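# An overview of the molecular structure
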Amino acid sequence: MKNPLRKRLFRELKGEAGKYFVIFFLLMSIIGFVSGFLVADGSMLTAYDNSFEKYNIEDGNFTVKEKVNRAQQKEIAKSDVTLYENFYAEPVLTNGSTMRIFKNREEVNRVCLMKGEMPSGQGEIAIDRMYADNNELSVGDIITEEESGREWKITGLVALSDYSCLFSDNNDSMFDAIKFGVAIVAEEGFAQLDQSKMTWQYAWKYNQSPKNNIEEKEMSDDLMSDINSTIVLDSY
């Protein structure tokens, strides 16, 4: 015996074809979007994890009021860490934003060049790509410091491995890639900056990497105590 619902089902589909097409399209779009997101998310996590080794990203950093002398560096190094100078200046630009300028790093927190060329002399600078996009800047443009009037020519767009998000302070809850940016300059350009307004920041790498997060927390606390016994910390 034939089921009478078969003809009814066909008439239902034919009569409401538009409605069912919309439902099918929405389901297909949502499934495709979520699947693509999950695939991209996994790839980004892998690339992010690999970047720690590729760019030799620091295990941590601290800032002090005064530059650490050689004797103090040797004392801190006894905690089984290697220190790297990571000084920076923060001039305000004429567009109202603050630019945190580092000397090009070749040992730790290495830089990824995304477009253009690395700065090679005085007056040349490479700025963060996201900051450049948000402020409509590109290679060849000029940025100017508000106080000194010093001009910098943008030679490249970069990503700094220790600034995967543009947080200007550890206590910030949201990053700002419009009013805050990071950049690198050559050694000659870095010497042009006002040394009296320099922030004395140091990055460190453990000589023996911690086995897990618990051990890393213990090592970090011990290191902070050791540094505090040698010099007064400004941030850690």
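Note that this is a predicted model, so its numbers are computed, not measured. (Residues numbered from 1 in each chain as written. Predicted model: local features only at pLDDT ≥ 70, side-chain atom pairs only at ≥ 80, totals over all residues. Heavy atoms only, no water.)

### Things to note about the sheet that holds strand 11 (residues 233-235)
Through backbone hydrogen bonds, the strands of a sheet pair up, either in parallel or in antiparallel fashion. Put simply, the rule is: The rule for pairing is simple: two strands pair if DSSP sees at least two bridges between them. Here a helix means four or more residues in a row that DSSP labels H or I, a strand means two or more in a row labelled E, and each is numbered from the N terminus. Comment: axis = line fitted to C-alpha atoms, over the contacting stretch for helices; angle = value between 0 and 180 degrees taken between N-to-C directions. Contact between two residues is taken to exist if any of their heavy atoms lie within 4.5 Å; hydrogens are not considered.
The strand order across the open sheet formed by four strands is 2-10-1-11, and the pairing between neighbours is antiparallel. Looking at strand neighbours, the two that pair on one side only are strand 2 (81-85) and strand 11, the edges of this open sheet. Ignoring which end each strand starts from, the neighbouring axes of this sheet average 40 degrees apart. For strand 1 (residues 60-64) and strand 11, the ladder comprises two bridges, and the chain directions are antiparallel. Across the sheet, the residue bridging to valine 64 is leucine 233, located in strand 11. Of the strands in this sheet, strand 1, strand 2 and strand 10 (200-206) touch helix 3 (residues 70-77), which is tilted by about 145 degrees from strand 2. Contacts from helix 6 (residues 213-230) reach strand 1, strand 2, strand 10 and strand 11 within the one sheet, and its direction differs from that of strand 10 by about 135 degrees.

### Remarks on the pattern of salt bridges
As a reminder of what qualifies: Any carboxyl oxygen of Asp or Glu within 4 Å of a side-chain nitrogen of Lys or Arg constitutes a salt bridge here. The classification of residues rests on relative accessible area computed with a 1.4 Å probe and restricted to protein chains. Under 20% of the type maximum is buried, over 50% is exposed, and intermediate values are partly exposed.
A full pass over the atoms with the stated rule returns eight salt bridges. A salt bridge links aspartate 133 to arginine 129, with the shortest nitrogen-to-oxygen separation between them at 2.9 Å. Note that aspartate 133 and arginine 129 are positioned in helix 4 (residues 129-134) at a spacing of four residues, about one turn of the helix. Residue aspartate 133 is classed as partly exposed on the basis of its relative accessible area of 46%. Of the residues examined, arginine 129 reaches a relative accessible area of 32% and is grouped as partly exposed. A salt bridge links lysine 197 to glutamate 147, with the shortest nitrogen-to-oxygen separation between them at 3.0 Å. A residue pair is termed long-range when its members are at least 10 positions apart, and lysine 197 in the loop between helix 5 (187-190) and strand 10 and glutamate 147 in the loop between strand 7 (142-144) and strand 8 (151-160) qualify at 50 residues. On the basis of relative accessible area, glutamate 147 is assigned to the exposed category, the value being 70%.

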